[in-house]
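# Structural features, examined
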Amino acid sequence: MNIEKVKELKKIGSLLLDCGNLEKGITILTHKLKELLEVERVSIFIYTQSANMVWTYLADGVEKLVLPADKGVVGYVVKNKTIKKVNDTSKEPLFYREVDKITGYHTKNILAVPLLNSEGDLLGVVQLLNKSSRFTRDDINIAYLFSKYISPPLEILLSEQSRSLKIEEDGDIIWCFRKDNIDKKRPKYIKSLQFYSI
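Figured I'd write up the structure that's included with this text. As the structure is a prediction and not an experimental result, all values here were calculated from the model.

Our focus in this paragraph is the pairing of strand S3 (residues 64-68). The element S3 is largely enclosed, with a buried count of four among its five residues. The hairpin turn running from strand S2 (residues 53-58) into S3, its antiparallel successor, is five residues long, and Gly61 in that turn takes a positive phi close to 90°.

Taking 1.5 Å per residue, 16 residues should reach 22 Å; helix H2 (residues 22-37) reaches 23 Å between its end C-alpha atoms and fits that length. At the exit of H2 stands Glu38, carrying a positive phi of roughly 55°.

It is worth spelling out helix H5 (residues 137-160) at this point. For H5, built from 24 residues, the straight-helix expectation of 34 Å at 1.5 Å per residue is met to within 8% by its first-to-last C-alpha distance of 35 Å. Of all the bends in H5, the largest measures some 35° and sits at Ser151, one to four residues before the proline Pro152. Turning to H5, its buried residues number three or more, namely Asp139, Ile140, Ile142, Ala143, Phe146, Ser147, Ile150, Ser151, Pro153, Leu154, Leu157 and Leu158.

With that settled, consider unusual backbone geometry. One non-glycine residue, Asn52, lies in the positive phi region at around 50°. Position of Asn52 relative to the elements: it lies in the loop between strand S1 (39-48) and S2. Owing to a relative accessible area of 36%, Asn52 belongs among the partly exposed residues under this scheme. If you check the backbone angles, Asn130 has positive phi at about 60° while not being a glycine. Its place among the elements puts Asn130 in strand S6 (residues 122-131).

What follows deals with the packing of aromatic side chains. For the coordinates displayed, the defined rule picks out zero aromatic pairs. Lying across the ring of Tyr105, Arg41 places its NZ or CZ 3.7 Å from the centre. In this arrangement the basic side chain of Lys84 is found over the ring face of Tyr76, its NZ or CZ atom lying 5.2 Å from the centre.

Between H2 and H5, the least distance of the axes is 10 Å, while the angle of their chain directions is 170°. With respect to each other, H2 and H5 are oriented roughly antiparallel. Between H2, through Leu22, Glu23, Ile26, Leu29, Thr30, Leu33 and Leu37, and H5, the contact on the second element is made entirely by Asp139, Ile142, Ala143, Phe146, Tyr149, Ile150, Pro153, Leu154, Ile156 and Leu157. Among the residues making up the contact of H2 with H5, the classes are represented as 14 nonpolar, one polar and two charged.

Along the chain, Glu92 turns up in the loop between strand S4 (84-86) and helix H4 (97-103). Despite its burial, Glu92 pairs with no opposite charge, the nearest such side chain being Lys84 at 4.1 Å. At a separation of 3.0 Å, a polar atom in the side chain of Glu92 contacts the main-chain amide nitrogen of Leu94. In this view, Glu92 contacts Lys84, Val86 and Arg97; residues no more than four positions away in its chain are not counted.

Locating Leu67 in the fold gives a position in strand S3. By relative accessible area, which is 7% here, Leu67 ends up buried. A sequence separation of 13 residues divides Leu67 from Val54, and the C-alpha atoms of the two residues are 5.4 Å apart.

Calculation criteria
- Residues numbered from 1 in each chain as written.
- Predicted model: local features only at pLDDT ≥ 70, side-chain atom pairs only at ≥ 80, totals over all residues.
- Heavy atoms only, no water.
- Buried < 20%, exposed > 50% of the residue type's maximum accessible area, 1.4 Å probe, protein only.
- Helix = DSSP H or I, 4+ residues; strand = E, 2+ residues; numbered from the N terminus.
- Pairing = 2+ DSSP bridges.
- Expected span 1.5 Å × (residues − 1).
- Bend = angle between axes of the 7 residues up to and from the residue.
- Phe/Tyr/Trp six-rings, centres within 6.5 Å; stacked < 30°, edge-to-face > 60°.
- Lys NZ or Arg CZ within 6 Å of the ring centre and 35° of its normal.
- Axes fitted to C-alpha atoms, helices over the stretch in contact; angles between N-to-C directions.
- Parallel < 35°, antiparallel > 145°, perpendicular 65-115°, else oblique.
- Contact = heavy atoms within 4.5 Å.
- Nonpolar A, V, L, I, M, F, W, Y, C, P; charged D, E, K, R; others polar.
- Lys, Arg positive; Asp, Glu negative; His and termini not counted.
- Salt bridge = Lys/Arg side-chain N within 4 Å of Asp/Glu carboxyl O.
- Polar contact = N/O pair within 3.5 Å; in protein donor to acceptor, adjacent residues only side chain to side chain.

Here you go:
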């Protein structure tokens, strides 16, 4: 394992304990992970069991992205609570191509890691996209360490927020559901996606 990268991540991670703003701390640590692993994008998806969906708490390139929790690589991680590495999406049956179609982004490779709460239940998934080379065992270990650092403050943040999912009208969220599952009564435009009960 790259010891220097691990030391750097641990150094930044320890600052979470001293940071007065947990959201800011999570954002700083996420950007550090992006830099250390040399990936184009990092997203943190939050899992809503009651609605069977995941949505982006933090993401590069989009405001909010709401996806079925049983689709794609993220869906695999949600179901199995295990790490999933894909170094060539063109050969991966799990890859959910609908997202790239909607966002216009071209995903080449993926590393997804589960985020677990203090009881071992799923909080969400951290997803890394498009490393210039292939994802390695070192990358997996560093991403796993990252998940251990951000899960506790993320759990605190979620528990402090509203315990219900609130959807209001506006256009900041990209919905990506199977066509046969779209609720026709859903608001045409989405404004905000608040925190929810897990």
